[in-house]
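Tertiary structure, described
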Amino acid sequence: NSSDLSPSFILASIPGLEAAQAWMAIPLCSAYVLALAGNGAVLLAVRLEPSLHAPMYLFLCMLATIDVALATATVPRILSFYWFDSREISFGACLLQMFLIHTLSAIESSVLLAMAVDRYVAICHPLRHAAILTNTATAKIGLVAMARGVLFFLPLPLLLLPLPFCGSRVLSHSFCLHQDVMNLACANTTPSVVYGLAAILLVMGLDAVLICLSYLLILKAVLRLAAWKERLKVFSTCIAHICVVLAFYVPLIGLSVVHRFGRDLAPLVHITMGNIYILVPAVLNPIIYGVRTKQIQRRILTLIHVNDR
């Protein structure tokens, strides 16, 4: 096989289940619609409810927007593959999708860190919270998170752009990821490997450490309170954020482990882990905050009631 500087790639299918792909797409499509509806409802509720125009809920809006963008960058292409057998994806489209997935994930990680800092300031320095985290400061944090994601992950497709590809061009997932595409190159990929690992550690890895540090400081402050009821009441304000952090980082770690140690695993494992990574946070985040936030519940129920009329 001769190398090609602008190849196309083949999205992964599950061996032996190609005939059932149209049926397998139904739960995927349902999860996508649920993610769009849930995150859209959160965005609308925050916009229409003045009491929710606070940093924590503005960060939640950023999170909802990122989840919708990430799901939209991948799921429609997967559905076109499952329903119309459109397995081939061009080199440029693959690199663009890869850039969007990694960049949006990095921005989401930064927003989760900002939400952890918001909880830390609200609990440990409540009198200074309004002065420190103003709406203007929140908007600036969002812009920094976006710039950070773009700057750190823009080099990934640029490093792959000059590489020749030969032999197998079948990906491990139904969408494009950096490590997956990089493994198909028939050239030295050391710069891409080193930079990819460094970017992940400096963004997601550092964010995870700082989130843990924030919660250690929060826990220390909570334990200073005398009454257990007061401790539980204060810490309960963090439960939704903790669940959202787990919904993001657990699939991310699982996907990384599968890539690193699961080359001999069945293709179904790779495809399932990839879909979980893309869709689980987008589906769960609005449910978690919808259940934990009474103002969001009331506003969504009001909207539903008005529409029923």
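- For the protein chain, the name recorded in an unreviewed UniProt entry is Olfactory receptor, with Menura novaehollandiae as its organism.
- The annotation that UniProt attaches to the protein chain under Sequence similarities (unreviewed entry) is "Belongs to the G-protein coupled receptor 1 family."

1. Looking at the state of the cysteines
- In total, this model carries two disulfides according to the counting rule given.
- The disulfide partner of Cys94 is Cys176, and the gap between their sulfur atoms is 2.0 Å. Taking the torsion about the sulfur-sulfur bond, which here is approximately -120 degrees, the covalent link between Cys94 and Cys176 counts as left-handed. Pair noted here: Cys94 is in helix H3 (residues 91-124) and Cys176 is in the loop between helix H6 (155-160) and helix H7 (178-182), with a separation of 82 residues, a long-range link.

2. Section: the pattern of salt bridges
- Per the stated rule, a full pass over the model turns up three salt bridges.
- Between Arg299 and Glu49 there is a salt bridge; the shortest N-O distance is 3.2 Å. Pair noted here: Arg299 is in helix H12 (residues 294-308) and Glu49 is in the loop between helix H1 (21-48) and helix H2 (55-84), with a separation of 250 residues, a long-range link.
- With a relative accessible area of 18%, Glu49 lands in the buried category.
- The closest approach of N and O atoms between Asp118 and Arg119, which form a salt bridge, is 3.1 Å.
- For Arg119, a relative accessible area of 10% gives the class buried.

Criteria and thresholds
- Residues numbered from 1 in each chain as written.
- Predicted model: local features only at pLDDT ≥ 70, side-chain atom pairs only at ≥ 80, totals over all residues.
- Heavy atoms only, no water.
- UniProt positions renumbered as here; feature names shortened; annotations may be inferred.
- Disulfide = S-S within 2.5 Å.
- Helix = DSSP H or I, 4+ residues; strand = E, 2+ residues; numbered from the N terminus.
- Salt bridge = Lys/Arg side-chain N within 4 Å of Asp/Glu carboxyl O.
- Buried < 20%, exposed > 50% of the residue type's maximum accessible area, 1.4 Å probe, protein only.

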